[in-house]
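Residue strings, one per chain:
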Amino acid sequence: MSLTSADDITPLLCQQQFLVWIHARGISPPSRPRISSRSTVEGSIRLLRMAKAAGVGRIVFISTISAFTGARSRYGRAKLQVESVCRELGGIILRPGLVFGDSPGGVSARSA
């Protein structure tokens with residue numbers, strides 16, 4: 001399922017009986033802001049609501065330290081919108097400060 005899809009996957013989620021749903025959607029390139037907003041914010045919110053409606057035991061949203069009131073970046077503002085709904089649904093929000101991996105970029109770093 002694409003986050004831009006209008007499909008309702010609540011019945012599928014009910015069948016799977018997830019205990020935990022971890023959502024970590026990133027953001028589309030700045031050259032495509034409408035798609036980014038639609039998939040990152042609206043799609044993520046729809047997906048979290050479907051997970052809650054399906055009875056998922058715990059919802060965890062991986063956000064960013066860029067998400068705060070008054071955020072200047074589109075990325076931070078988008079993540080903050082999803083955080084708000086996640087909070088309403090009783091979910092947990094994580095804002096990792098540094099993520100290590102093979103390809104550093106943004107707030108990522110390469111492990112030594």
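In this text, all values refer to a predicted model and were calculated from it rather than measured experimentally. (Residues numbered from 1 in each chain as written. Predicted model: local features only at pLDDT ≥ 70, side-chain atom pairs only at ≥ 80, totals over all residues. Heavy atoms only, no water.)

> I'd love a proper account of the environment of glutamine 17, names of residues and values included.
Structurally, glutamine 17 is set in the loop between helix 1 (10-16) and strand 1 (20-23). Relative accessible area serves as the criterion here: at 65%, glutamine 17 is assigned to the exposed category. Considered as a pair, glutamine 17 and glycine 55 are 38 residues apart in the sequence and their alpha carbons are 7.5 Å apart. (Helix = DSSP H or I, 4+ residues; strand = E, 2+ residues; numbered from the N terminus. Buried < 20%, exposed > 50% of the residue type's maximum accessible area, 1.4 Å probe, protein only.)

> Describe the sheet that holds strand 3 (residues 92-94), naming the residues involved and giving the relevant values.
Overall, parallel pairing links the three strands, which are arranged 1-2-3 in an open sheet. Each edge of the open sheet is held by one strand with a lone partner, namely strand 1 and strand 3. Between one strand axis and the next, the sheet turns by 20° as a mean value, whatever way the strands run. As judged from the three bridges shared by strand 2 (residues 58-62) and strand 3, these two strands associate in the parallel manner. Within strand 3, the position partnered with valine 60 by the bridge is isoleucine 92. Along the sheet, helix 3 (residues 74-88) makes contact with strand 2 and strand 3, crossing strand 2 at roughly 165°. (Pairing = 2+ DSSP bridges. Axes fitted to C-alpha atoms, helices over the stretch in contact; angles between N-to-C directions. Contact = heavy atoms within 4.5 Å.)

> Describe the pairing of strand 2, and please don't skip the residues or the numbers.
Both strand 1 and strand 2 contribute to a ladder of four bridges, which runs parallel. Its bridge partner being in strand 2, histidine 23 is matched across the sheet by phenylalanine 61.

> Help me get a handle on the packing of aromatic side chains, residues and values and all.
Where two aromatic rings form a pair, the distance of their centres and the angle of their planes describe that pair. A complete count under the given rule lists one aromatic pair for this structure. Both rings, one in phenylalanine 18 and one in tryptophan 21, keep their centres 5.2 Å apart while their planes meet at 90°; by these two values the pair is edge-to-face. (Phe/Tyr/Trp six-rings, centres within 6.5 Å; stacked < 30°, edge-to-face > 60°.)

> Describe in detail helix 3, supporting the description with residues and values.
With 15 residues, helix 3 ought to run about 21 Å at 1.5 Å a step, and its terminal C-alpha atoms sit 22 Å apart, in line with that. Listed as buried for helix 3 are Gly76, Ala78, Lys79, Val82, Glu83, Val85 and Cys86. Looking one or two residues past helix 3, glycine 90 carries a phi angle of roughly 80°, positive in sign. (Expected span 1.5 Å × (residues − 1).)

> Outline the pattern of salt bridges, listing residues and values.
Inspection of every chain in the model, using the stated rule, returns two salt bridges. One salt bridge connects arginine 95 with glutamate 83, and the closest N-O pair in it is separated by 2.6 Å. Of this pair, arginine 95 sits in the loop between strand 3 and strand 4 (99-101) while glutamate 83 sits in helix 3, and the two are twelve residues apart along the sequence. By relative accessible area, which is 0% here, glutamate 83 ends up buried. Three or more residues are tied together by salt bridges with common partners; here these are Glu83, Arg87 and Arg95. (Salt bridge = Lys/Arg side-chain N within 4 Å of Asp/Glu carboxyl O.)

> Kindly report on the side chain of threonine 10, identifying the contributing residues and their values.
The topology assignment puts threonine 10 in helix 1. Residue threonine 10 is classed as buried on the basis of its relative accessible area of 15%. Setting aside chain neighbours within four positions, we find threonine 10 in contact with Met50, Ala53 and Ala54.

Purely spatial values, then, with no claim about function.
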